[in-house]
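Chain by chain, the residues run as shown.
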Amino acid sequence: MALEDSHVRRAAHLARLAVSDDQARGFVDDLNRILEMVDQLQGLDTEGVVPLAHPLDATQRLRADEVTESSQRDTFQYSAPAVENGLYLVPRVVE
């Protein structure tokens, strides 16, 4: 599927972007090259290729999931204008 100026202009309109004629032609050329590359990739035999989550075979070191701070809720809520049952009360915005 080849893109045309009208496709780029429509996408620019939907995104509320101002695009000049020269820019639209450049985008059409760039996007058509990208689509050609995707077509080439779709033609590759990927049978037996395991999908990757990350190109490097690395694991992330994680810290232990444990509480490291004491609860300071009472301290923080002391200066709040309105609190009830440990929750901050705020004015209704949507009716």
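To be clear, the structure that these remarks concern was listed above.
In this report, the structure presented in the accompanying data block is examined. Every value quoted in this text rests on a predicted model; they were computed, and no experiment measured them. Residues take numbers from 1 onward in each chain, read along the sequence in its written order. Given that the model is predicted, a residue must reach a pLDDT of at least 70 before its local features are reported, and side-chain atom pairs must reach 80 or more before they are shown or counted; all residues, however, enter totals for whole chains, interfaces and linings. No hydrogens and no water enter the side-chain calculation; it runs on all heavy atoms of the structure.

### Let's talk about the overall build of the chain
Logical step 1: Within the chain, the secondary structure is distributed over 3 helices and 2 strands.
Logical step 2: Along the chain, from the amino end to the carboxyl end, the secondary structure elements read α-α-α-β-β.
Logical step 3: For the chain, whose C-alpha radius of gyration is 27 Å, the value lies well above the compact-globule estimate of 12 Å for 95 residues.
Logical step 4: Its C-alpha atoms put the chain at 65 × 45 × 25 Å along the principal axes.
Logical step 5: Counting across all 95 residues of the chain, residues that qualify as buried make up 11%.
Logical step 6: Sequence separation of at least 24 residues holds for 26% of the intrachain contacts in the chain that already meet a minimum separation of 6.
Logical step 7: In these tables, accessible area is a Shrake-Rupley quantity obtained with a 1.4 Å probe, and a residue counts as shielded only by the protein chains included in the view. With the model as given, the accessible surface of the chain reaches about 9600 Å², and the carbon-plus-sulfur share is 55%.
Logical step 8: Neither His nor the chain termini are counted; the positive set is Lys and Arg, and the negative set is Asp and Glu. To locate a charge, the coordinates of NZ of Lys, CZ of Arg, CG of Asp or CD of Glu are taken. Computed over 9 positive and 17 negative side-chain charges, the separation of the two mean positions in the chain equals 8 Å. Helix and strand assignments come from DSSP, with helices taken as H or I runs of at least 4 residues and strands as E runs of at least 2, each series counted from the N terminus. Two things to know: the radius of gyration comes from C-alpha atoms, and the globule rule equals 2.2 Å times the number of residues to the power 0.38. A 1.4 Å probe rolled over the protein chains alone gives each residue an accessible area, and that area as a share of the maximum for its type sets the label: buried under 20%, exposed over 50%, partly exposed in between. Should any heavy atoms of two residues lie within 4.5 Å, those residues are considered in contact.

### Side note on the nonpolar core
Logical step 1: Grouped together as the largest cluster of nonpolar side chains are 5 residues: V8, A12, V19, A24 and V28.
Logical step 2: Listed by contribution, the elements that provide at least two residues to this core are α1 (5-14) and α2 (21-42).
Logical step 3: In this structure V8 touches A24, F27, V28 and L31, once residues within four positions along its chain are discounted. Only buried residues count toward a nonpolar core, which is a set of Ala, Val, Leu, Ile, Met, Phe, Trp, Tyr and Cys residues joined through side-chain atoms within 4.5 Å.

### With respect to α2
Logical step 1: Over its 22 residues, α2 extends 31 Å from the first C-alpha to the last, a length consistent with the 32 Å expected when each residue adds 1.5 Å.
Logical step 2: Along α2, the residues that are buried comprise A24, V28 and N32. Burial along α2 is one-sided: seen end-on, the buried residues are contained in an arc of 75°. Across from the buried face of α2, at angles greater than 90 degrees, the exposed residues are D22, R33, M37, Q40 and L41.
Logical step 3: Against the buried residues of α2 lie α1. The span one expects for a helix is its residue count, reduced by one, times 1.5 Å. What the arc measures is the spread of directions leading from the helix axis to the C-beta atoms.

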